[in-house]
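Remarks on the overall topology
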Amino acid sequence: MALPATVGVTINFSDGPAYAQAMILDQGLLGTNVLANSAAIIIDYSAQTTQIATRRARDLINDIYNTGSASIKILDPDGDFNPTNTLSPIYGFVKPLRKIQITATYGATTYSLFSGYISEYRYTYPVGQEIGYVTVQAFDAFKILNLAYISTVTGAVLGQDTGTRIDKILDQVDWPLSMRSVSVGDTTCIVDTGTTRTALQAIRVAEFSELGAFYMDGAGNAIFKSRTETIETAGGTPTVFNQTGGIDYANLKFALDDKLIINSANITRAGGTTQTSTDTASVDTYFLHSVNSNNLIMQTDADALNVAQLYVASRKDTNLRIDSMTLDLMTDNYSAGVTAALSMDFLSPVTISNIQPNGDTITKTLQIQGMSHDITPTSWVSNFLTMEPITDGFLLDSTIWGILDTSVLSY
(Lines give C-alpha, C1' and ligand atoms only; values in the text may rest on other atoms or scores of the structure.)
Protein backbone atom coordinates (compact mmCIF):
# COMPACT_ATOMS: atom_id res chain seq x y z
CA MET A 1 0.00 0.00 0.00
CA ALA A 2 1.45 3.35 -1.05
CA LEU A 3 1.98 6.16 1.43
CA PRO A 4 -0.85 8.72 1.42
CA ALA A 5 1.52 11.66 0.81
CA THR A 6 4.81 12.12 -1.01
CA VAL A 7 7.65 12.49 1.48
CA GLY A 8 10.56 14.79 0.73
CA VAL A 9 13.96 14.72 2.44
CA THR A 10 16.62 17.25 1.44
CA ILE A 11 19.98 18.14 2.95
CA ASN A 12 21.60 21.54 2.41
CA PHE A 13 25.36 21.13 2.91
CA SER A 14 26.14 24.86 3.11
CA ASP A 15 27.06 26.91 6.18
CA GLY A 16 24.63 29.15 8.05
CA PRO A 17 21.07 28.75 9.33
CA ALA A 18 19.06 29.34 6.13
CA TYR A 19 17.52 26.35 4.35
CA ALA A 20 16.89 28.04 0.99
CA GLN A 21 19.23 28.00 -1.99
CA ALA A 22 21.71 30.87 -2.05
CA MET A 23 20.87 33.74 -4.37
CA ILE A 24 23.72 34.89 -6.60
CA LEU A 25 23.11 38.13 -8.48
CA ASP A 26 21.49 37.60 -11.90
CA GLN A 27 20.78 33.96 -11.02
CA GLY A 28 18.42 33.95 -8.02
CA LEU A 29 14.74 34.34 -7.26
CA LEU A 30 13.85 37.44 -5.24
CA GLY A 31 11.73 36.62 -2.20
CA THR A 32 12.76 32.97 -2.33
CA ASN A 33 16.53 32.55 -2.27
CA VAL A 34 18.99 33.81 0.33
CA LEU A 35 21.65 36.30 -0.72
CA ALA A 36 25.09 34.68 -0.70
CA ASN A 37 28.29 34.54 -2.73
CA SER A 38 28.11 30.88 -3.75
CA ALA A 39 25.45 28.30 -4.42
CA ALA A 40 24.66 25.71 -1.76
CA ILE A 41 24.82 22.00 -2.36
CA ILE A 42 21.24 20.80 -1.81
CA ILE A 43 20.61 17.11 -2.45
CA ASP A 44 17.27 15.30 -2.45
CA TYR A 45 17.51 12.02 -0.51
CA SER A 46 13.79 11.18 -0.64
CA ALA A 47 14.22 8.04 -2.75
CA GLN A 48 16.97 6.64 -0.46
CA THR A 49 15.11 7.37 2.81
CA THR A 50 13.59 4.29 4.46
CA GLN A 51 12.61 5.55 7.91
CA ILE A 52 11.69 8.89 9.48
CA ALA A 53 10.84 9.81 13.05
CA THR A 54 10.15 13.43 14.02
CA ARG A 55 9.32 14.86 17.45
CA ARG A 56 8.16 18.38 18.33
CA ALA A 57 6.41 19.04 21.65
CA ARG A 58 5.76 21.33 24.57
CA ASP A 59 6.98 20.30 28.02
CA LEU A 60 3.67 20.47 29.89
CA ILE A 61 5.27 20.30 33.33
CA ASN A 62 7.84 23.07 32.83
CA ASP A 63 5.61 25.11 30.49
CA ILE A 64 8.17 25.52 27.70
CA TYR A 65 8.52 24.29 24.14
CA ASN A 66 11.23 21.65 23.83
CA THR A 67 13.87 21.30 21.16
CA GLY A 68 12.44 19.40 18.19
CA SER A 69 14.28 16.34 16.91
CA ALA A 70 14.34 13.95 13.97
CA SER A 71 15.96 10.65 13.01
CA ILE A 72 16.26 9.78 9.31
CA LYS A 73 17.59 6.50 7.89
CA ILE A 74 19.14 6.97 4.44
CA LEU A 75 20.45 4.13 2.25
CA ASP A 76 24.09 4.74 1.30
CA PRO A 77 25.29 1.84 -0.90
CA ASP A 78 28.25 3.78 -2.32
CA GLY A 79 29.46 5.24 0.98
CA ASP A 80 28.76 8.81 -0.09
CA PHE A 81 28.34 9.91 3.53
CA ASN A 82 31.76 8.50 4.47
CA PRO A 83 33.75 11.74 5.03
CA THR A 84 36.96 10.01 3.82
CA ASN A 85 35.46 8.92 0.48
CA THR A 86 37.14 11.22 -2.05
CA LEU A 87 34.85 9.95 -4.84
CA SER A 88 31.71 11.01 -3.02
CA PRO A 89 29.76 13.92 -4.59
CA ILE A 90 29.57 15.44 -1.10
CA TYR A 91 33.21 14.87 -0.17
CA GLY A 92 34.37 17.72 2.05
CA PHE A 93 30.80 18.75 2.88
CA VAL A 94 29.76 16.00 5.31
CA LYS A 95 29.89 17.96 8.56
CA PRO A 96 27.66 18.43 11.59
CA LEU A 97 25.07 21.23 11.56
CA ARG A 98 24.16 20.85 7.88
CA LYS A 99 20.49 21.68 7.27
CA ILE A 100 17.87 18.98 6.74
CA GLN A 101 14.20 19.37 5.85
CA ILE A 102 11.35 16.87 5.80
CA THR A 103 8.20 17.69 3.85
CA ALA A 104 5.02 15.93 2.79
CA THR A 105 3.08 16.77 -0.36
CA TYR A 106 -0.60 15.90 -0.37
CA GLY A 107 -2.78 17.02 -3.24
CA ALA A 108 -1.34 20.31 -4.42
CA THR A 109 0.00 21.36 -1.01
CA THR A 110 3.45 20.77 0.48
CA TYR A 111 3.65 20.74 4.28
CA SER A 112 6.80 21.19 6.35
CA LEU A 113 7.08 18.43 8.96
CA PHE A 114 10.54 19.24 10.30
CA SER A 115 13.44 21.58 9.59
CA GLY A 116 16.63 21.32 11.57
CA TYR A 117 20.37 20.80 11.79
CA ILE A 118 22.27 17.52 11.69
CA SER A 119 24.00 16.70 14.96
CA GLU A 120 25.28 13.22 14.12
CA TYR A 121 25.81 10.74 11.28
CA ARG A 122 25.53 7.13 12.50
CA TYR A 123 27.09 4.81 9.93
CA THR A 124 26.21 1.18 9.29
CA TYR A 125 28.12 -0.55 6.48
CA PRO A 126 27.57 -4.30 7.01
CA VAL A 127 29.43 -7.01 5.18
CA GLY A 128 27.21 -9.15 2.96
CA GLN A 129 24.01 -8.52 1.07
CA GLU A 130 22.51 -5.79 3.28
CA ILE A 131 22.87 -2.29 1.81
CA GLY A 132 24.83 0.21 3.89
CA TYR A 133 22.99 3.13 5.41
CA VAL A 134 23.48 6.20 7.54
CA THR A 135 21.10 7.33 10.26
CA VAL A 136 21.02 11.11 10.53
CA GLN A 137 20.15 12.64 13.91
CA ALA A 138 18.94 16.24 13.81
CA PHE A 139 17.47 18.95 16.05
CA ASP A 140 15.71 22.23 15.41
CA ALA A 141 17.13 25.72 16.01
CA PHE A 142 16.32 25.71 19.74
CA LYS A 143 19.57 23.82 20.27
CA ILE A 144 21.50 26.44 18.29
CA LEU A 145 19.92 29.25 20.33
CA ASN A 146 20.81 27.35 23.50
CA LEU A 147 24.47 27.13 22.48
CA ALA A 148 24.80 30.88 21.80
CA TYR A 149 25.77 32.77 24.96
CA ILE A 150 25.00 36.46 25.15
CA SER A 151 25.36 39.20 27.74
CA THR A 152 24.26 42.72 26.81
CA VAL A 153 21.55 42.79 24.13
CA THR A 154 22.03 45.70 21.75
CA GLY A 155 18.94 47.89 21.51
CA ALA A 156 17.15 46.29 24.48
CA VAL A 157 15.83 49.54 25.94
CA LEU A 158 13.30 50.47 28.60
CA GLY A 159 9.66 50.32 27.55
CA GLN A 160 9.92 48.14 24.44
CA ASP A 161 7.39 45.32 24.11
CA THR A 162 8.35 41.68 24.60
CA GLY A 163 8.14 40.92 20.87
CA THR A 164 10.64 43.66 20.07
CA ARG A 165 12.89 42.36 22.87
CA ILE A 166 12.83 38.87 21.36
CA ASP A 167 13.67 40.38 17.96
CA LYS A 168 16.68 42.14 19.50
CA ILE A 169 17.89 38.87 21.05
CA LEU A 170 17.57 37.10 17.69
CA ASP A 171 19.47 40.00 16.08
CA GLN A 172 22.23 39.50 18.66
CA VAL A 173 22.86 35.96 17.36
CA ASP A 174 22.34 36.94 13.68
CA TRP A 175 19.18 34.88 13.25
CA PRO A 176 17.85 35.67 9.74
CA LEU A 177 14.92 38.07 9.46
CA SER A 178 13.46 35.77 6.81
CA MET A 179 13.25 32.94 9.35
CA ARG A 180 11.20 34.56 12.09
CA SER A 181 7.66 35.76 12.72
CA VAL A 182 7.61 37.83 15.90
CA SER A 183 4.42 39.54 17.04
CA VAL A 184 4.17 42.74 19.04
CA GLY A 185 3.96 41.81 22.70
CA ASP A 186 1.35 43.06 25.18
CA THR A 187 3.88 43.62 27.98
CA THR A 188 6.63 46.27 28.13
CA CYS A 189 10.15 45.46 29.34
CA ILE A 190 12.87 46.84 31.57
CA VAL A 191 16.34 47.55 30.18
CA ASP A 192 18.20 44.32 29.44
CA THR A 193 19.83 42.97 32.59
CA GLY A 194 23.14 42.26 30.82
CA THR A 195 23.67 38.94 32.57
CA THR A 196 25.40 36.05 30.82
CA ARG A 197 22.89 33.49 29.56
CA THR A 198 22.01 31.69 26.36
CA ALA A 199 19.88 33.33 23.71
CA LEU A 200 17.19 30.72 24.30
CA GLN A 201 17.16 31.42 28.04
CA ALA A 202 16.81 35.14 27.38
CA ILE A 203 13.95 34.56 24.96
CA ARG A 204 12.16 32.26 27.39
CA VAL A 205 12.31 34.95 30.09
CA ALA A 206 10.60 37.35 27.68
CA GLU A 207 8.11 34.63 26.69
CA PHE A 208 7.10 33.95 30.32
CA SER A 209 7.02 37.65 31.20
CA GLU A 210 4.43 37.97 28.42
CA LEU A 211 2.71 34.61 29.02
CA GLY A 212 3.04 34.18 25.27
CA ALA A 213 4.41 31.37 23.12
CA PHE A 214 7.82 31.01 21.43
CA TYR A 215 8.58 27.95 19.30
CA MET A 216 10.06 26.70 16.03
CA ASP A 217 7.57 25.71 13.36
CA GLY A 218 7.95 22.84 10.92
CA ALA A 219 9.63 25.08 8.35
CA GLY A 220 12.33 26.12 10.83
CA ASN A 221 10.99 29.61 11.53
CA ALA A 222 11.17 31.20 14.98
CA ILE A 223 7.58 32.04 16.00
CA PHE A 224 6.51 34.33 18.84
CA LYS A 225 2.85 34.87 19.66
CA SER A 226 1.73 37.47 22.17
CA ARG A 227 -0.49 36.74 25.15
CA THR A 228 -3.52 38.04 23.26
CA GLU A 229 -2.72 35.86 20.25
CA THR A 230 -2.27 32.70 22.31
CA ILE A 231 -5.62 33.33 23.98
CA GLU A 232 -7.33 34.01 20.64
CA THR A 233 -6.01 30.79 19.07
CA ALA A 234 -8.28 28.83 21.41
CA GLY A 235 -11.28 30.46 19.76
CA GLY A 236 -10.37 29.40 16.24
CA THR A 237 -12.39 26.88 14.25
CA PRO A 238 -11.40 23.47 15.64
CA THR A 239 -10.65 20.34 13.66
CA VAL A 240 -13.23 17.76 14.78
CA PHE A 241 -12.26 14.21 15.71
CA ASN A 242 -14.85 11.60 16.67
CA GLN A 243 -16.13 8.12 15.87
CA THR A 244 -19.39 9.21 14.24
CA GLY A 245 -18.79 11.57 11.33
CA GLY A 246 -15.64 13.47 12.22
CA ILE A 247 -12.06 12.37 11.65
CA ASP A 248 -11.43 8.95 13.15
CA TYR A 249 -8.54 8.35 15.55
CA ALA A 250 -7.02 5.71 17.81
CA ASN A 251 -5.33 5.39 21.20
CA LEU A 252 -6.82 8.30 23.12
CA LYS A 253 -4.92 8.68 26.38
CA PHE A 254 -7.05 10.06 29.20
CA ALA A 255 -5.60 11.40 32.44
CA LEU A 256 -6.91 12.77 35.72
CA ASP A 257 -4.07 13.86 37.98
CA ASP A 258 -2.51 16.83 39.74
CA LYS A 259 0.65 17.26 37.67
CA LEU A 260 -0.48 20.47 35.93
CA ILE A 261 -2.03 22.18 38.96
CA ILE A 262 -0.57 25.53 40.02
CA ASN A 263 -2.44 27.26 42.85
CA SER A 264 0.24 29.64 44.11
CA ALA A 265 2.65 31.75 42.08
CA ASN A 266 5.49 33.97 43.28
CA ILE A 267 6.59 36.22 40.41
CA THR A 268 9.48 38.67 40.68
CA ARG A 269 10.77 41.03 38.01
CA ALA A 270 14.43 42.05 38.01
CA GLY A 271 14.75 44.90 40.51
CA GLY A 272 11.16 44.47 41.69
CA THR A 273 9.25 43.08 44.66
CA THR A 274 7.85 39.54 44.67
CA GLN A 275 4.19 39.43 43.68
CA THR A 276 2.13 36.52 44.95
CA SER A 277 -1.21 35.06 43.95
CA THR A 278 -2.76 32.10 45.75
CA ASP A 279 -6.10 30.35 45.30
CA THR A 280 -6.98 29.13 48.78
CA ALA A 281 -9.86 26.93 47.60
CA SER A 282 -7.50 25.05 45.30
CA VAL A 283 -4.90 24.75 48.05
CA ASP A 284 -7.54 23.35 50.40
CA THR A 285 -8.56 20.76 47.80
CA TYR A 286 -5.24 19.78 46.22
CA PHE A 287 -2.62 20.99 48.76
CA LEU A 288 -0.05 23.61 47.78
CA HIS A 289 1.27 23.47 44.20
CA SER A 290 3.48 26.53 43.82
CA VAL A 291 5.75 28.04 41.21
CA ASN A 292 8.48 30.65 41.66
CA SER A 293 9.88 32.68 38.79
CA ASN A 294 12.52 35.37 39.30
CA ASN A 295 14.38 38.01 37.27
CA LEU A 296 11.60 38.48 34.75
CA ILE A 297 11.67 41.54 32.52
CA MET A 298 8.19 43.10 32.72
CA GLN A 299 8.42 46.84 33.44
CA THR A 300 6.19 47.06 36.53
CA ASP A 301 5.33 45.10 39.63
CA ALA A 302 1.68 45.45 38.59
CA ASP A 303 2.41 43.35 35.48
CA ALA A 304 4.28 40.82 37.63
CA LEU A 305 1.14 40.52 39.77
CA ASN A 306 -0.97 40.14 36.63
CA VAL A 307 1.22 37.22 35.52
CA ALA A 308 0.90 35.57 38.94
CA GLN A 309 -2.88 35.98 38.98
CA LEU A 310 -3.46 34.81 35.40
CA TYR A 311 -1.09 31.86 35.84
CA VAL A 312 -2.95 30.65 38.93
CA ALA A 313 -6.38 31.33 37.43
CA SER A 314 -5.48 29.22 34.39
CA ARG A 315 -4.07 26.28 36.36
CA LYS A 316 -5.73 26.13 39.80
CA ASP A 317 -8.13 23.31 38.88
CA THR A 318 -7.87 19.93 37.22
CA ASN A 319 -10.32 17.74 35.38
CA LEU A 320 -10.34 14.82 33.00
CA ARG A 321 -7.82 15.45 30.22
CA ILE A 322 -7.13 13.94 26.85
CA ASP A 323 -3.33 13.96 26.72
CA SER A 324 -2.81 12.49 23.25
CA MET A 325 -4.32 10.76 20.24
CA THR A 326 -3.01 8.75 17.31
CA LEU A 327 -3.83 9.03 13.60
CA ASP A 328 -2.98 6.13 11.28
CA LEU A 329 -2.60 7.81 7.91
CA MET A 330 -2.70 4.45 6.11
CA THR A 331 -6.41 4.17 6.92
CA ASP A 332 -8.60 3.80 3.83
CA ASN A 333 -10.54 6.88 2.63
CA TYR A 334 -8.76 9.08 5.16
CA SER A 335 -8.31 12.30 3.21
CA ALA A 336 -9.49 14.59 6.03
CA GLY A 337 -7.26 12.74 8.51
CA VAL A 338 -4.19 13.09 6.30
CA THR A 339 -4.83 16.81 5.78
CA ALA A 340 -5.30 17.33 9.53
CA ALA A 341 -2.17 15.37 10.45
CA LEU A 342 0.00 17.35 8.03
CA SER A 343 -1.43 20.80 8.70
CA MET A 344 -1.88 20.95 12.49
CA ASP A 345 0.82 22.72 14.46
CA PHE A 346 1.28 24.18 17.93
CA LEU A 347 -1.87 25.93 19.23
CA SER A 348 -4.16 24.45 16.55
CA PRO A 349 -7.62 23.98 18.16
CA VAL A 350 -9.24 20.54 18.11
CA THR A 351 -12.49 19.09 19.40
CA ILE A 352 -12.25 15.41 20.37
CA SER A 353 -15.28 13.30 21.23
CA ASN A 354 -15.18 9.75 22.57
CA ILE A 355 -18.09 7.39 23.20
CA GLN A 356 -17.65 5.61 26.52
CA PRO A 357 -18.62 1.95 27.18
CA ASN A 358 -21.79 3.06 29.02
CA GLY A 359 -22.90 5.14 26.03
CA ASP A 360 -21.92 8.55 27.43
CA THR A 361 -19.84 10.86 25.24
CA ILE A 362 -16.83 12.82 26.50
CA THR A 363 -16.11 15.90 24.40
CA LYS A 364 -13.09 18.16 24.92
CA THR A 365 -12.00 21.26 23.01
CA LEU A 366 -8.22 21.44 23.28
CA GLN A 367 -5.09 22.66 21.53
CA ILE A 368 -2.31 20.76 19.82
CA GLN A 369 0.90 21.06 21.85
CA GLY A 370 3.01 18.32 20.33
CA MET A 371 3.28 16.23 17.20
CA SER A 372 5.31 13.28 16.00
CA HIS A 373 5.47 11.38 12.71
CA ASP A 374 6.82 7.85 12.32
CA ILE A 375 7.16 6.92 8.64
CA THR A 376 8.41 3.84 6.78
CA PRO A 377 7.75 2.74 3.19
CA THR A 378 4.64 0.86 4.41
CA SER A 379 3.43 2.79 7.46
CA TRP A 380 2.68 6.31 8.66
CA VAL A 381 1.56 6.96 12.23
CA SER A 382 1.14 10.48 13.62
CA ASN A 383 0.73 11.20 17.32
CA PHE A 384 -0.55 14.48 18.75
CA LEU A 385 -0.16 15.84 22.28
CA THR A 386 -3.18 17.88 23.40
CA MET A 387 -3.93 20.14 26.36
CA GLU A 388 -6.09 22.99 27.55
CA PRO A 389 -5.00 26.47 26.32
CA ILE A 390 -1.65 27.45 27.82
CA THR A 391 -3.10 30.86 28.78
CA ASP A 392 -6.79 31.29 29.50
CA GLY A 393 -8.77 34.41 28.63
CA PHE A 394 -12.34 35.52 28.04
CA LEU A 395 -13.38 35.25 24.39
CA LEU A 396 -16.52 37.08 23.32
CA ASP A 397 -19.20 34.90 21.69
CA SER A 398 -17.34 31.70 22.56
CA THR A 399 -19.54 28.99 24.10
CA ILE A 400 -16.43 27.52 25.75
CA TRP A 401 -14.14 30.43 26.66
CA GLY A 402 -16.77 33.19 26.88
CA ILE A 403 -18.86 32.15 29.88
CA LEU A 404 -19.35 34.83 32.54
CA ASP A 405 -18.27 33.86 36.06
CA THR A 406 -16.63 30.73 34.59
CA SER A 407 -14.07 31.73 31.96
CA VAL A 408 -10.85 33.42 33.03
CA LEU A 409 -10.37 37.16 32.51
CA SER A 410 -6.94 38.11 31.15
CA TYR A 411 -5.17 41.49 31.32
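Residues numbered from 1 in each chain as written. Predicted model: local features only at pLDDT ≥ 70, side-chain atom pairs only at ≥ 80, totals over all residues. Heavy atoms only, no water.

1. Some details on the overall build of the protein
For the protein, the helix and strand inventory stands at seven helices and 24 strands. Against the globule reference of 22 Å for 411 residues, the protein gives a C-alpha radius of gyration of 23 Å, in line with a compact fold. C-alpha extents for the protein along the principal axes are approximately 70 × 60 × 40 Å. Of all 411 residues assigned to the protein, the portion counted as buried reaches 48%. For the protein, the accessible surface area stands at approximately 19,000 Å², while carbon and sulfur atoms represent 52% of it. Distance from the positive charge centre (23 side chains) to the negative charge centre (40 side chains) of the protein: 5 Å. (Helix = DSSP H or I, 4+ residues; strand = E, 2+ residues; numbered from the N terminus. Rg over C-alpha atoms; globule rule 2.2 N^0.38 Å. Buried < 20%, exposed > 50% of the residue type's maximum accessible area, 1.4 Å probe, protein only. Areas by Shrake-Rupley, 256 points an atom, 1.4 Å probe, with all protein chains shown as cover. Lys, Arg positive; Asp, Glu negative; His and termini not counted. Charge placed at Lys NZ, Arg CZ, Asp CG, Glu CD.)

2. Topic: the sheet that holds strand β14 (residues 213-216)
Spatially, three strands are ordered β12-β15-β14 in an open sheet, and the strand pairing comes out mixed. Two strands close off the open sheet at either side, each with one partner strand: β12 (180-182) and β14. Within the sheet, the average angular offset between the axes of one strand and its neighbour, ignoring direction, is 15°. Bridge count between β12 and strand β15 (residues 222-225): three bridges; the pairing is parallel. Bridging across to β15, R180 finds its partner in A222. Across the sheet, helix α2 (residues 162-172) lies against β12, β14 and β15, angled at about 155° from β12, the strand it touches most. Together, β14 and β15 form the strand contacts of helix α3 (residues 199-210), whose direction differs from that of β14 by roughly 140°. (Pairing = 2+ DSSP bridges. Axes fitted to C-alpha atoms, helices over the stretch in contact; angles between N-to-C directions. Contact = heavy atoms within 4.5 Å.)

3. What about the pattern of salt bridges?
Close approach of charged atoms allows side chains of opposite charge to pair. By the definition in use, this model includes 15 salt bridges. Across the pair R315 and D63 runs a salt bridge, and its minimum N-O distance is 2.8 Å. Taken as a pair, R315 in helix α6 (residues 301-315) and D63 in the loop between β5 (49-59) and β6 (64-65) lie far apart in primary sequence, 252 residues in all. By relative accessible area, which is 11% here, D63 ends up buried. One salt bridge in this structure joins D167 and R180, with 2.8 Å as the shortest N-O distance. Separated by 13 residues along the polypeptide, D167 in helix α2 and R180 in strand β12 bring together distant segments of the chain. When its relative accessible area of 24% is taken as the criterion, D167 is described as partly exposed. Three or more residues are tied together by salt bridges with common partners; here these are R58, D63 and R315. (Salt bridge = Lys/Arg side-chain N within 4 Å of Asp/Glu carboxyl O.)

4. Description of the side chain of Q369
With respect to the secondary-structure elements, Q369 resides in strand β23 (residues 361-376). Apart from the residues lying within four places of it in its own chain, the contact partners of Q369 are A57, R58, L60, Y65, F346, L347, L385, T386, M387 and I390.

5. Points about the sheet that holds strand β20 (residues 290-296)
Spatial strand order, β19-β18-β20: three strands in an open sheet with mixed pairing. Each edge of the open sheet is held by one strand with a lone partner, namely β19 (275-278) and β20. The mean inter-strand angle of the sheet, taken between neighbouring strand axes irrespective of direction, is 10°. Where strand β18 (residues 264-269) lies against β19, four bridges are found, and the strand directions are antiparallel. Residue A265 lies in a different strand from β19, and its bridge partner there is S277. Lying over the sheet, α3 contacts β18 and β20, oriented at roughly 120° with respect to β20.

6. Section: the packing of α2 against α3
It is the contact of α2 with α3, at a shortest axis distance of 10 Å, that shows an interaxial angle of 175°. Put simply, α2 runs roughly antiparallel to α3. Of the residues in α3, those in contact with T162, I166, I169 and L170 of α2 are A199, A202, I203, A206 and E210. Taken together, the residues of the contact of α2 with α3 break down into seven nonpolar, one polar and one charged. (Parallel < 35°, antiparallel > 145°, perpendicular 65-115°, else oblique. Nonpolar A, V, L, I, M, F, W, Y, C, P; charged D, E, K, R; others polar.)

7. Side note on the packing of aromatic side chains
Centre-to-centre distance and the angle between the planes together describe a pair of aromatic rings. The final tally for this structure, using the stated rule, is ten aromatic pairs. Here the aromatic rings of F81 and Y121 are separated by 6.1 Å at their centres, their planes lie at 40°, and the arrangement is tilted. Here the residue F81 occupies a position in the loop between β7 (69-75) and β8 (99-106), and Y121 occupies one in strand β9 (residues 109-124), the gap between them amounting to 40 residues. For the pair F81 and Y121, one class covers both residues: buried. (Phe/Tyr/Trp six-rings, centres within 6.5 Å; stacked < 30°, edge-to-face > 60°.)

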